[in-house]
Amino acid sequence: YPLSKDLAPLNISKNIYLRTKVKIITHWNKVRLDENSSELYNAEIFESATSTYQMVHHQIKTLAKQLGNSDPVLYKNELTGLIINQDQNYARSIPARTIRHFLQDSLNKDYRGFPYTGIYTMKILSEHLRKYLKLKENIHGLGVAYLEVNSPFYNKINNQSFILSINDHKISKKGQIRDK
């Protein structure tokens, strides 16, 4: 696609479901845009090593390589996410819901920054750790590793708690949220 002066802003899409076919648009040499057909594979909590917050992100199964940060993810020609990083099998994107939240918060004069849970989690993958914690085989979730003092959950959970589901979506054995 040759770049055009009549490009218009994109609408932000509603939430999409797992296994939804999406397009990742990459910008090459300031000359053309490429579409990469991909699929929403997973949604999980992403904890950045360089920040103090956790954020839900989408894992997108894609064959596209060398995606750039902020490449748009489209569903029905609406923005459904922005790429934040990639490994050899998946690209990760900030979902439209989070982008919309940032934009709405930026209009609020009392906005204090990105909302976070104040909960730092750990995946419970080791069988030895599961035995030590006396977890039954059918119990899956995330262990609470640390809780910030100013967390809204401070007096509700502690570092011996387990998060089994988020918004009625069970957390898998690998610490991920998947549909059924």
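Residues numbered from 1 in each chain as written. Predicted model: local features only at pLDDT ≥ 70, side-chain atom pairs only at ≥ 80, totals over all residues. Heavy atoms only, no water.

(A) Geometry of unusual backbone geometry. Phi is positive for Asn77, close to 60 degrees, though the residue is something other than glycine. Turning to its location among the elements, Asn77 is positioned in the loop between β4 (72-75) and β5 (78-86). Overall, Asn77 belongs to the exposed group, its relative accessible area being 61%. The backbone of Lys134 shows a phi angle near 60 degrees, a positive value even though the residue is not glycine. Assignment of secondary structure puts Lys134 in the loop between α2 (127-132) and β8 (142-147). (Helix = DSSP H or I, 4+ residues; strand = E, 2+ residues; numbered from the N terminus. Buried < 20%, exposed > 50% of the residue type's maximum accessible area, 1.4 Å probe, protein only.)

(B) View of the environment of Gly143. Structurally, the position occupied by Gly143 is in strand β8. Looking at Gly143, the relative accessible area reads 1%, which means it is buried. On a C-alpha basis, the gap between Gly143 and Asn158 in space is 9.7 Å, while along the polypeptide they are 15 residues apart. Setting aside chain neighbours within four positions, we find Gly143 in contact with Tyr120, Thr121, Met122, Ile124, Ser161 and Phe162. (Contact = heavy atoms within 4.5 Å.)

(C) Molecular detail of the sheet that holds strand β9 (residues 162-163). Spatially, β7-β8-β9 is the arrangement adopted by the three strands of the open sheet, whose pairing is antiparallel. With one partner strand each, in any of the chains shown, β7 (119-123) and β9 form the two edges of the open sheet. When β7 meets β8, the two strands line up antiparallel, connected through five bridges. Note on β8: the bridge partner recorded for Ile119 is Leu147. (Pairing = 2+ DSSP bridges.)

(D) Quick peek at the pattern of salt bridges. One pass over the structure, following the stated rule, counts one salt bridge. Ionic pairing is found between Arg92 and Asp87, a salt bridge with its closest N-O pair at 3.1 Å. Residue classification places Arg92 among the buried residues on the basis of a relative accessible area of 14%. For Asp87, a relative accessible area of 32% translates into the label partly exposed. (Salt bridge = Lys/Arg side-chain N within 4 Å of Asp/Glu carboxyl O.)

(E) Up close: the packing of aromatic side chains. Here the structure, examined in full by the defined rule, presents one aromatic pair. For the pair Tyr120 and Tyr146, a centre-to-centre distance of 5.8 Å together with 45 degrees between the ring planes defines the contact as tilted. Placement of the pair is Tyr120 in strand β7 and Tyr146 in strand β8, with a sequence separation of 26 residues. Judged by relative accessible area, which is 15%, Tyr120 ranks as buried. (Phe/Tyr/Trp six-rings, centres within 6.5 Å; stacked < 30°, edge-to-face > 60°.)

(F) Quick look at the pairing of β8. As paired elements, β8 and β9 share two bridges and run antiparallel to each other. Bridge assignment links Gly143 to a residue of β9, and that residue is Phe162.

(G) Structural view of the nonpolar core. Counting residues in each nonpolar core, the largest one holds eleven residues, listed as Ile16, Leu18, Val22, Ile24, Leu40, Ile60, Ala64, Leu67, Val73, Ile83 and Ala91. Contact partners of Ala64, with chain neighbours within four places excluded, come to Asn36 and Gln86. Judged by nonpolar contacts, the second largest core, of seven residues, contains Val144, Leu147, Ile171 and Ile177. (Core = buried A, V, L, I, M, F, W, Y, C linked by side-chain atoms within 4.5 Å.)

(H) Looking closely at a nonpolar patch on the surface. A cluster of nonpolar side chains, contributed by Ile139, Phe162 and Leu164, occupies part of the molecular surface with about 220 Å² of accessible area. Of note, Phe162 is situated in strand β9. With relative accessibility at 32%, the residue Phe162 sits in the partly exposed group. (Patch = residues over 30% accessible without salt bridge, like charges linked within 9 Å, V, L, I, M, F, W, Y side chains within 5 Å. Areas by Shrake-Rupley, 256 points an atom, 1.4 Å probe, with all protein chains shown as cover.)

(I) Layout of the environment of Ile94. By the secondary structure assignment, Ile94 is in strand β6 (residues 90-95). Judged by relative accessible area, Ile94 falls into the buried class, the value being 15%. Note: C-alpha distance between Ile94 and Val56 (38 residues apart in sequence) is 7.3 Å.

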